[in-house]
Amino acid sequence: MKLAAVAFYGLAAGLLAVGLRELLTGFEENRCSMTYMFEYPEYRRVALPRRVARLYPAYGLYLYGEGVYAQETRALKLTGAPVLFLPGNAGSYKQARSLGSVALRKAETMEGGLHFNVFTVDFNEELVALYGGSLLRQTHFLHESIKAILRLYKHLKTPPQSVVLVGHSMGGVVARALFTLPRFNTNLVSLIITQASPHLAPVLALDPYLLDFYSAVRQKWVNQANKLRNVTVLSVGGGYRDYQVRSGLTSLPCPPGDPNKLSLVVTAVPRTWVSTDHLSIVWCKELVLATVRTFFDLIDPETRQFTENSEKKLAVLNHHFIKHPVRLPGETQDTPVSISDLPDAWSEVNTLRLAYSTPKEGQPKFFLFALSSRRKAYSHFYCRSNNLEMTSWVYGCLQKNGSSCVYAVDLSKGTELLPPYKVLTLRLSDLSSFTHLFVSASNLNGKQFTVECEWQREESQTLSVAVPHVLSFGLTSSDVTINSSGLLHTIELQHFHQVYQAFRINVASQCKVQKDRLPSVYRIKVPWFREDSLTTVSVPSVTEISGMLHTSRPDNTSGALLQLHTAPNCQYKVSIRTSLPRVLGQILRFCGHMVPVYTAVTLLLTCGGQVSFILKSRRAADMSQMVGKGLQPHKVNLPVYILHIALSCSCFQEVWSMLFLPSMDTLPPTFPDATFHEEEAPGEEWVHLLSPLLYIFGAAVAYWGSTLLRLVIRLISLVLAPLHRPSVSRDCGTLRLRTQLLITLSLTVMGGTSCGALSIFASFLFHLYRVLRLQMTERSLRHMLNLAPRKHKEAENGIDPECLSKSKEISSAPLLSECALQEVRDDLQLHLCLSALFTLPVMLSGPSLIHWIRNLRYSTQLNPDPCWPYIVPLIFVYMLLINCNTLKLSNSKLLPLTSCLPLPLAIIMVTFSPLHLYRITYFLLASLVPLALCCLL
């Protein structure tokens, strides 16, 4: 039985390790370019009013500078446009150097002396993603910082009226929280750019302050969406390299019709196209350049400050972060333009495809395409060019003179930039006012490039393939072959619209004729969210693409698309297989926070099983055996699922509301704009179906974690044994009543005046000492009995009747006997189970303890303290259970009732804790308080 448990939990740990490996390392290499400072960076502290400095002694405001600019701004006489950088969880204010340095270098090339003043806030590197007590304090300090920044420009004739905010991680959430302050003037901030900021929900909800903060921000931006429509917000997610904040959480909760709130993944940003981890998104040169270019295009040349025009801000953001057409923001060329009449430069194309490479000698060249003969047979005109210059290149002809066009309208607005070339697809039904199209392939500067164009029929170049089922485990594949006679093919990946799906997509290309060709681009396009990923390859080649999603499709109507920008006259073979490691990685990415809940459930049921065993046999079972029996999905997951189904009925929901019960916890929404969907989206049922697997993962963590705990206790007891006298009593490590009361009172006072987590940790250490003493006593007794003659020979796994009869008595067994050894072993197994359970409150309160330690020089008391509601009962439980043993428990009248509590509490914990991890401590207390009372009654 023990071998079977080891094998089972070993397999479960192996699957968990595979998923963690895929989550933490199963992504592309970091292709971001590093940003460098060409001069030594300086951070000049900005003086704040005394009241502000006294209220927030741990925080600071700085101006970034380098070299000559740093010297010029020493007196803080500023003339640029203000930008304020906000660091995130444990982030440093010095992370602003990438944005500040690139902005300085870019300003050197700008005419008129346009430049930015990049400020940065020092939030003392607080762990605000895990401890929410500082978030409101950071928000108030940010408000004061903005007012202090704007005061620095009062000497200008046209001072700035607002500040642009760039927030990384939780800094982006704090930026949006500004608008929840009652005295905040919304005109002070008109543009917010956030990087890897979890807007939908916190990554881990370890205290109620974090959730209250998120709730206030969400209610403000949802309930007053119309008032905040003029505030432009851009949220950028990091992609799969960022395993700390998954990109689905970076989606802004906003009404679908609000154009000023943009959410996207960095892999879809033009001229970036790379995935970033949680830190590199700050210094990734490609993304920093896009941000700085955006800032310069947003400058109003008259005021030399950021524009307040919402339409222009949206146009600039769309240009640099979404489509990147050839036109610069604000340029309009919808009016007809006159084309120079150069008959020798014009060529009319009568074939279905054009492939033209410019010569080394510069010359004008135009290709004319007649629309009249193509409208019925074709639906689209597709063109691409590896000339990436920002120039117009495709026109609709209004008036034709011979073989040339005289008047035309620029149609290049829809151009999209891909890594190797720019592409333009025109729908012929939208070109009814034109007789011809013409493409400019002029290279007057002598630069060589290639232009390829063709007429397309959408239905003939669009294929559909059903992706394999997620449970196929890669044993089956979906294959499709494309004999490329065109430049663009689209494969609809049917049923690929859920985040738990993950595929290995292999694309093999081969050509009959070997010649130079433009690279192929494989693009996974997600219609419902801007999370496209692009892969550029040469032809021929064999390439593997990772098929995964950051968000689910709410309506489950259609799946993602695979676009292939192909080389003509080549064959492409596409094979799609389910990838089990990536599926496990996706499960942990979206459901990983449920594993600690199931670990707590397993340990709670372990203690419950131990108590039941003591009730039946008056002795304790081996801890590993009890942990192995803590996996009971049929008793835990089944009632939760039935409750979930029942809550889908309106009548049951009314009863639920009448009882004032909170809503069930499942998962943060996995689809965009989830805040505005009251009902659970179709497809979210997969979370409940995966619950048994997550339970197995949590049980594996509990099993191997408890094994590690026992090993650590044995090693520590060996080290401490020489420092203690050998003991043979089961009461070793216990406390006298007076000492117990004194320690309990002292820890309670310490928790109330300093930090509750510190008192909890100290209480845990007192109990751990009791476990160590039991381990040393068990070893001492075992060695003594090996040397002493035995009176009775026991069966290998039996119980000595004499011990059993003596255990029923109040008095303990003789000090040196097999009975005494059995009693110590029973107490040791009991306290090992308790010690494993006690680690959970310590770990959940750890972030607040770390925060308190790091802020000791500013304040000796943690305010607010998330542990204050349960610190007194938890210390009381820890202290009482130190003196507990199996004899006291077995004689307690409360034990039958106590043994019935763990299972219902485990069900309640799974129901209400996945999104509120701090609730785990309360449910543990509900089980531990009766157990502690068993030691008294």
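Calculation rules
Residues numbered from 1 in each chain as written. Predicted model: local features only at pLDDT ≥ 70, side-chain atom pairs only at ≥ 80, totals over all residues. Heavy atoms only, no water. Helix = DSSP H or I, 4+ residues; strand = E, 2+ residues; numbered from the N terminus. Buried < 20%, exposed > 50% of the residue type's maximum accessible area, 1.4 Å probe, protein only. Contact = heavy atoms within 4.5 Å. Areas by Shrake-Rupley, 256 points an atom, 1.4 Å probe, with all protein chains shown as cover. Domains from an automatic or database assignment. Buried area = accessible area lost by both parts, 1.4 Å probe. Core = buried A, V, L, I, M, F, W, Y, C linked by side-chain atoms within 4.5 Å. Pairing = 2+ DSSP bridges. Axes fitted to C-alpha atoms, helices over the stretch in contact; angles between N-to-C directions. UniProt positions renumbered as here; feature names shortened; annotations may be inferred. Expected span 1.5 Å × (residues − 1). Patch = residues over 30% accessible without salt bridge, like charges linked within 9 Å, V, L, I, M, F, W, Y side chains within 5 Å. Salt bridge = Lys/Arg side-chain N within 4 Å of Asp/Glu carboxyl O. Parallel < 35°, antiparallel > 145°, perpendicular 65-115°, else oblique. Left-handed = near helix turned anticlockwise from the far one by under 90°. Nonpolar A, V, L, I, M, F, W, Y, C, P; charged D, E, K, R; others polar. Polar contact = N/O pair within 3.5 Å; in protein donor to acceptor, adjacent residues only side chain to side chain. Disulfide = S-S within 2.5 Å. 1 Å grid on protein atoms, 1.4 Å probe; cavity = no way out; pocket = protein on both sides within 12 Å on 5 of 7 lines; lining within 4 Å. Points joined across faces, edges and corners; volume = space filled by probe spheres on them.

(A) Inspection of the overall build of the chain at higher detail. A count of helices and strands for the chain gives 27 helices and 30 strands. Judged by the C-alpha coordinates and their principal axes, the chain covers about 120 × 70 × 55 Å. Counting over 937 residues, the chain shows a buried share of 57%. The contacts in the chain between residues at least 6 apart in sequence include a share of 81% that link residues at least 24 apart. Entry remark: accessible area of the chain is about 40,400 Å², with carbon and sulfur atoms responsible for 58%.

(B) A look at the domain arrangement of the chain. For the chain, the assigned domains read domain 1 (31–322), domain 2 (337–459), domain 3 (461–578) and domain 4 (585–662 + 694–720 + 732–786 + 815–935). Centre-to-centre separation of domain 2 and domain 3, based on C-alpha positions: 28 Å. The interface is formed by 18 residues belonging to domain 2 together with 17 residues belonging to domain 3. Buried area between domain 2 and domain 3, both sides added, is near 1,500 Å², and the carbon and sulfur share of it is 54%. The largest per-residue losses of area from domain 2 upon contact with domain 3 belong to Arg353, Arg384 and Tyr421, which jointly make up 30% of the total buried on that side.

(C) Layout of unusual backbone geometry. Backbone torsion omega between Val539 and Pro540 reads 0 degrees, so that peptide bond is classified as cis. Although it is not a glycine, Ser169 sits at a positive phi angle of roughly 55 degrees. The residue Phe473 is not glycine, and still its phi comes out positive at about 55 degrees. Within the secondary structure, Phe473 is located in the loop between strand 22 (462–466) and strand 23 (477–484).

(D) Focus on the nonpolar core. Ranked by size, the top nonpolar core spans 114 residues in total, and within it Tyr878, Leu881, Leu889 and Met909 carry the most contacts. Examining the composition of this core, we find that 14 residues originate from one element, helix 21 (residues 818–844), more than from any other. If sequence neighbours within four positions are ignored, Met909 has contacts with Val597, Ala600, Val601, Leu604, Pro914, Ile920, Phe923 and Leu924. Counting 98 residues, the second-largest nonpolar core is a separate cluster that includes Tyr93, Leu99, Ile149 and Val173.

(E) A look at the sheet that holds strand 23. The sheet built from 4 strands is open, its strands ordered 23-30-25-28 with antiparallel pairing. Edge positions in the sheet fall to strand 23 and strand 28 (541–547), since each has one partner strand and no second. For this sheet, the mean inter-axis angle between neighbouring strands, taken without regard to orientation, is 15 degrees. With 9 bridges joining them, strand 25 (residues 503–511) and strand 30 (residues 570–578) adopt antiparallel strand pairing. Paired with Ser509 across the two strands is Tyr572, which belongs to strand 30. Of the strands in this sheet, strand 25, strand 28 and strand 30 are in contact with helix 11 (residues 580–591), which crosses strand 28 at around 30 degrees.

(F) Spatial organisation of the UniProt feature "transmembrane region" (unreviewed entry) in the chain. UniProt feature "transmembrane region" (unreviewed entry): in the numbering of this structure it lies at residues 595–615, 686–704, 740–769, 830–850, 870–887, 894–912 and 918–936. Annotation note: span residues 918–936, helix share 84%, strand share 0%, distance between end C-alpha atoms 28 Å.

(G) Broad picture of helix 11. Along its 12 residues, helix 11 runs 16 Å from first to last C-alpha, staying within 8% of the 16 Å computed at 1.5 Å per residue. Counting buried positions along helix 11 gives 10 out of 12 residues, so the element sits mostly inside the fold. Buried within helix 11 are the following residues: Arg582, Val583, Leu584, Gly585, Gln586, Ile587, Leu588, Arg589, Phe590 and Cys591.

(H) Here's a closer look at a nonpolar patch on the surface. Taken together, the side chains of Leu708, Leu711, Val712, Leu715, Ile716 and Leu718 define a hydrophobic patch exposed on the protein surface, amounting to about 530 Å² of accessible area. Counting through the fold element by element, Leu718 comes out in helix 17 (residues 691–720).

(I) The UniProt feature "domain: GPI inositol-deacylase PGAP1-like alpha/beta" (unreviewed entry) in the chain, seen in detail. Per the UniProt annotation, the sites labelled "domain: GPI inositol-deacylase PGAP1-like alpha/beta" (unreviewed entry) are residues 78–297. In residues 78–297, the share of helix is 32% and the share of strand is 15%. The end C-alpha atoms are 20 Å apart.

(J) Inspection of the packing of helix 14 (residues 633–646) against helix 17 at higher detail. Viewed as axis vectors pointing N to C, helix 14 and helix 17 meet at an angle of 140 degrees, and their least axial separation amounts to 10 Å. As the angle between them shows, helix 14 and helix 17 are arranged oblique. As for how helix 14 packs across helix 17, the hand of that crossing is right-handed. Residues Pro633, Val636 and Asn637 of helix 14 touch helix 17, and the partners they reach there are Ser691, Pro692 and Tyr695. Grouping the amino acids of the contact of helix 14 with helix 17 by side-chain chemistry returns 4 nonpolar, 2 polar and no charged.

(K) Inspection of the pairing of strand 5 (residues 164–168) at higher detail. The element strand 5 is extensively covered by neighbouring structure, given that 5 of its 5 residues are classed as buried. Across the two faces of strand 5 the burial is the same, with Val164, Val166 and His168 and Leu165 and Gly167 all buried. Judged from the 4 bridges that link them, strand 3 (residues 81–86) and strand 5 form a sheet pairing that is parallel. Paired with Val83 across the strands is Val164, a residue of strand 5. Judged from the 5 bridges that link them, strand 5 and strand 6 (residues 191–195) form a sheet pairing that is parallel. Directly across from Gly167, in strand 6, lies its bridge partner Thr194.

(L) Region of interest: the side chain of Thr744. As for its placement among the helices and strands, Thr744 is situated in helix 18 (residues 737–753). At 2.8 Å, the side chain of Thr744 forms a polar contact with the backbone oxygen of Gln740. In contact with Thr744, other than residues within four places in its own chain, are Ile875 and Met879.

(M) Helix 12 (residues 594–617), seen in detail. For helix 12, which comprises 24 residues, the first-to-last C-alpha distance of 34 Å matches the rise-based estimate of 34 Å (1.5 Å per residue) to within 8%. Among the residues trailing helix 12, Arg618 stands out with phi positive, at a value near 60 degrees.

(N) The arrangement of the state of the cysteines in detail. Across all of its chains, the model carries 4 disulfides by this definition. In this model, Cys32 is linked to Cys284 through a disulfide, with the two sulfur atoms separated by 2.2 Å. In this structure the cystine formed by Cys32 and Cys284 twists about its S-S bond by roughly -85 degrees; its chirality is therefore left-handed. Remark: Cys284 occurs in the loop between helix 8 (280–283) and helix 9 (285–297) and Cys32 occurs in the loop between helix 1 (2–25) and strand 1 (41–45); sequence separation between them is 252 residues. One exposure class covers both Cys32 and Cys284, and it is buried.

(O) Representation of the sheet that holds strand 15 (residues 380–385) within the structure. Strand order in the open sheet formed by 5 strands is 13-21-15-19-18, with antiparallel pairing between adjacent strands. Of all strands in the sheet, those bounded by a partner on one side alone are strand 13 (353–357) and strand 18 (416–417). With 5 bridges connecting them, strand 13 and strand 21 (residues 450–456) associate as antiparallel partners. When the sheet's bridge partners are listed, Ala355 is paired in strand 21 with Glu452.

(P) Just empty space enclosed by the protein, in detail. Applying the stated rule across the entire model yields 10 cavities of 30 Å³ or more. Estimated volume of the second largest cavity: approximately 100 Å³. If you trace the second largest cavity, you find 15 residues lining it, with Leu206, Asp207, Leu844, Pro866 and Tyr870 closest to the centre. For the lining of the second largest cavity, the secondary-structure elements that each account for two or more residues are helix 22 (846–854) and helix 27 (919–934). Residues that form the lining of the second largest cavity fall into these classes: 11 nonpolar, 3 polar and 1 charged.

(Q) Region of interest: the pattern of salt bridges. Per the counting criterion, the structure on display carries 22 salt bridges. For Arg582, the salt bridge goes to Glu22, with nearest N and O atoms at 3.7 Å. With a gap of 560 residues between them, Arg582 in helix 11 and Glu22 in helix 1 connect regions that are remote in the sequence. For Glu22, a relative accessible area of 13% puts it in the buried group. Among the salt bridges present, the one from Lys261 reaches Asp258, with a minimum N-O distance of 3.0 Å. Assessed through its relative accessible area of 5%, Asp258 is described here as buried. In this structure, a network of salt bridges that share partners links the residues Glu39, Glu66, Arg105 and Glu108.

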